[in-house]
Amino acid sequence: QKEVEQDPGPLSVPEGAIVSLNCTYSNSAFQYFMWYRQYSRKGPELLMYTYSSGNKEDGRFTAQVDKSSKYISLFIRDSQPSDSATYLCAMIRDDKIIFGKGTRLHILP
Amino acid sequence: DAMVIQNPRYQVTQFGKPVTLSCSQTLNHNVMYWYQQKSSQAPKLLFHYYDKDFNNEADTPDNFQSRRPNTSFCFLDIRSPGLGDAAMYLCATGDRGTKNIQYFGAGTRLSVL
């Protein structure tokens, strides 16, 4: 079992819809949980990070962590074509980042 | 303002010809990382520096070396690039004193002819 599991997609949704991206993990030692957005041929851009279970909101983005279920989510409200990218979940243990494989998201105009 | 800067953005080299990629940061972070990312894959950690302390991943080929002459700069040297080394190379920084959340540069896309 991989430490971090993420469905690679692609996921296609119409503009304006709410997008839900998810990852599961197996190692309770993970301390911080991040979401990165990566556009084609660019480096990953940090969107949000959280530490504890619960929700964290930033504009149209909400990150959710459920440590009891070892499950994290990223919600995007009012999705825009500019949100089309690959979204990588990532987690820190022992000062190293463990990435999910990334989910390719397409927002259809 | 760019905080982690990679140069060049695109690099073309010949099979077996040494190449150096550079990374600089304005965040004053004590850790700098190099990752390799191939198409549709997650970034793969090659090595990192914690201050001047070099940490190599066990599966990083000897063909890959790194130098960190000061806090702001870090270099990735590929001694004899092979066709399989064509990839995006990503530099990232983190501050081990706080959360060590990593911030990435825009990457250098390496082509090997």
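The structure under discussion appears in the preceding block.
Bear in mind the structure is a predicted one, so any value in this text is a computation, not a measurement. (Residues numbered from 1 in each chain as written. Chains lettered and ligands numbered in written order. Predicted model: local features only at pLDDT ≥ 70, side-chain atom pairs only at ≥ 80, totals over all residues. Heavy atoms only, no water.)

## A few points about the sheet that holds strand β1 (residues 4–7) of chain B
All names here are of chain B.
Here's step 1: What the four strands build is an open sheet, ordered β1-β3-β8-β7; its pairing is antiparallel. Of all the strands in the sheet, the pair left with one neighbour each is β1 and β7 (64–67). Strand after strand, the sheet turns through a mean of 20 degrees between neighbouring axes, direction not considered. (Pairing = 2+ DSSP bridges. Helix = DSSP H or I, 4+ residues; strand = E, 2+ residues; numbered from the N terminus. Axes fitted to C-alpha atoms, helices over the stretch in contact; angles between N-to-C directions.)

## Some points on the state of the cysteines
Residues and elements named next belong to chain A.
Here's step 1: Inspection of every chain in the model, using the stated rule, returns two disulfides over all chains.
Here's step 2: Between the sulfur of Cys-23 and that of Cys-89 lies a disulfide, 2.0 Å long from S to S. Residues Cys-23 and Cys-89 are joined by a disulfide whose S-S torsion is about -100 degrees; by sign, that bridge is left-handed. In this pair, Cys-23 sits in strand β3 (residues 19–25) while Cys-89 sits in strand β9 (residues 85–93), placing the two residues 66 residues apart along the sequence.
Here's step 3: Here Cys-23 falls in the buried class, since its relative accessible area comes to 1%. (Disulfide = S-S within 2.5 Å. Buried < 20%, exposed > 50% of the residue type's maximum accessible area, 1.4 Å probe, protein only.)

## Considering the interface of chain B and chain A
Here's step 1: With 20 residues of chain B at the contact, the number on the chain A side is 18 residues.
Here's step 2: A per-residue breakdown of the area chain B buries against chain A is headed by Lys99(B), Ile101(B) and Phe104(B), which together make up 29% of the total.
Here's step 3: Taken together, the links from chain B to chain A amount to one salt bridge.
Here's step 4: For the salt bridge of Lys96(A) with Glu57(B), the shortest nitrogen-to-oxygen distance reads 3.0 Å.
Here's step 5: Secondary-structure elements contributing two or more residues to the side of chain B that touches chain A are β4 (31–37), β9 (87–94) and β10 (103–104) of chain B.
Here's step 6: Sorting elements by how many residues they give to the side of chain B that touches chain A places β4(B) first, with three residues.
Here's step 7: In terms of residue class, the side of chain B that touches chain A is built from 11 nonpolar, four polar and five charged. (Contact = heavy atoms within 4.5 Å. Buried area = accessible area lost by both parts, 1.4 Å probe. Salt bridge = Lys/Arg side-chain N within 4 Å of Asp/Glu carboxyl O. Nonpolar A, V, L, I, M, F, W, Y, C, P; charged D, E, K, R; others polar.)

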